[in-house]
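Below, each chain spelled out in residue letters.
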Amino acid sequence: MSLYDDAVLVLKGFEGQDELRQAYLDHLAAHPDGMWKACHAGHVTASALVIDPERGRVLLTLHKKLRMWLQMGGHCEPGDVSLAAAALREATEESGVPGLTLLPGGPVRLDRHPIPAPCHWHYDVQYAALAPAGAAHAISDESLDLRWFAYDEVADVADESVVRLLEATRASL
C-alpha cells in the first residue's frame, strides 16, 4: 500500500473534526502529490506529541525556523510506509528518545495551518507518542531547544494548536 493510500484510509477512519477531515480528503483527491513537500497547494505532514503520562509532562521542541514550542513532526519521506510510521520517525529523530511508541487508536487530532510560500498549507495528522520510563532526549539539528513541560505549563509556552493536541491526547489516554 502506498503512503497516499494509507493516508486516505487513516483519514476516512478518523472520527471527529468531520469538516476538516473532509478538507484533507478533498485535498488529496485533487492533488495526487499531496503527500509531498513539492505539492505547493499544500501537503500532508505527520507529527506526534511526546508524552510521559506517569509524570504528567510533554516534550516540546523549540523549532529552529519558527522559533515556537511545538510537538515533533514534519514532512513525509519516500521511505515512510504509513502516516503513523512518519509520525514516529519524526518524533524519534527530533526528540532523540529511543523506544517511543504511538498511542494506540491512530491520530488524536488534525490541524491545518498556513505556511510561508511557495507552499500554502500543512495538513498535519497528529499522533501521540508515549515516552518510555526514564527517557533521555537529545536536541536535533531542527531544534533550538528541547524541554519537558508539565501539562499545566504548555499553555504558557505554546500556541493553541499544541494546547488542543495535548487536550486530545489526554482524553485518549
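Coordinates for the structure precede this section.
In this report, we go over the structure that sits alongside the text. (Residues numbered from 1 in each chain as written. Predicted model: local features only at pLDDT ≥ 70, side-chain atom pairs only at ≥ 80, totals over all residues. Heavy atoms only, no water.)

Between its first and last C-alpha, helix α3 (residues 83-95) extends 18 Å over 13 residues, near the 18 Å set by a 1.5 Å rise per residue. All buried positions along α3 are accounted for by Leu 83, Ala 86, Ala 87, Arg 89, Glu 90, Ala 91, Glu 94 and Ser 95. Its buried side turned inward, α3 meets α1 (3-13), β1 (43-52), β2 (57-63), β4 (72-75), β7 (121-130) and β8 (143-150). Trailing α3 by a residue or two, Gly 96 shows a phi angle of about 75°, which is positive. (Helix = DSSP H or I, 4+ residues; strand = E, 2+ residues; numbered from the N terminus. Expected span 1.5 Å × (residues − 1). Buried < 20%, exposed > 50% of the residue type's maximum accessible area, 1.4 Å probe, protein only. Contact = heavy atoms within 4.5 Å.)

It is worth spelling out the pattern of salt bridges at this point. Taken as a whole and assessed by the stated rule, the structure comprises nine salt bridges. Ionic pairing is found between Asp 111 and Arg 109, a salt bridge with its closest N-O pair at 4.0 Å. The partner of Arg 147 in a salt bridge is Asp 145, with the nearest N and O atoms 2.7 Å apart. Owing to a relative accessible area of 39%, Arg 147 belongs among the partly exposed residues under this scheme. What emerges from the salt-bridge pattern is a single network uniting Glu 77, Asp 80, Arg 89, Glu 90 and Glu 93. (Salt bridge = Lys/Arg side-chain N within 4 Å of Asp/Glu carboxyl O.)

A few words on the nonpolar core. The biggest cluster of nonpolar side chains holds 33 residues, and the ones touching the most others in it are Met 35, Val 50, Leu 83 and Val 125. Residue assignment for this core shows that the elements contributing at least two residues are α1, α2 (18-30), β1, α3, β7 and β8. The element best represented in this core is α1, accounting for five residues. Leu 83 has contacts with Leu 3, Asp 6, Ala 7, Val 10, Met 35, Val 44, Ala 46, Cys 76, Val 125 and Tyr 127, leaving out every residue within four places of it along the chain. In this structure, Ile 51, Val 58, Leu 62 and Val 154 belong to the second largest nonpolar core, which totals 19 residues. (Core = buried A, V, L, I, M, F, W, Y, C linked by side-chain atoms within 4.5 Å.)

Both faces of the sheet carry side chains from a regular strand, because those side chains alternate between them. Of all 10 residues in β1, 10 are buried; the element is thus mostly enclosed. Of the two faces of β1, both are covered, the one formed by His 43, Thr 45, Ser 47, Leu 49 and Ile 51 as well as the one formed by Val 44, Ala 46, Ala 48, Val 50 and Asp 52. By the bridge criterion, nine bridges tie β1 to β7 in an arrangement that is parallel. Paired with Ala 48 across the two strands is Tyr 127, which belongs to β7. Pairing of β1 with β4 involves four bridges; the strand directions are antiparallel. Bridging across to β4, Ser 47 finds its partner in Gly 73. (Pairing = 2+ DSSP bridges.)

Residues of α1 that are buried: Leu 3, Asp 6, Ala 7, Val 8, Val 10 and Leu 11. Those residues of α1 that are buried are in contact with α2, α3, β6 (109-114) and β7.

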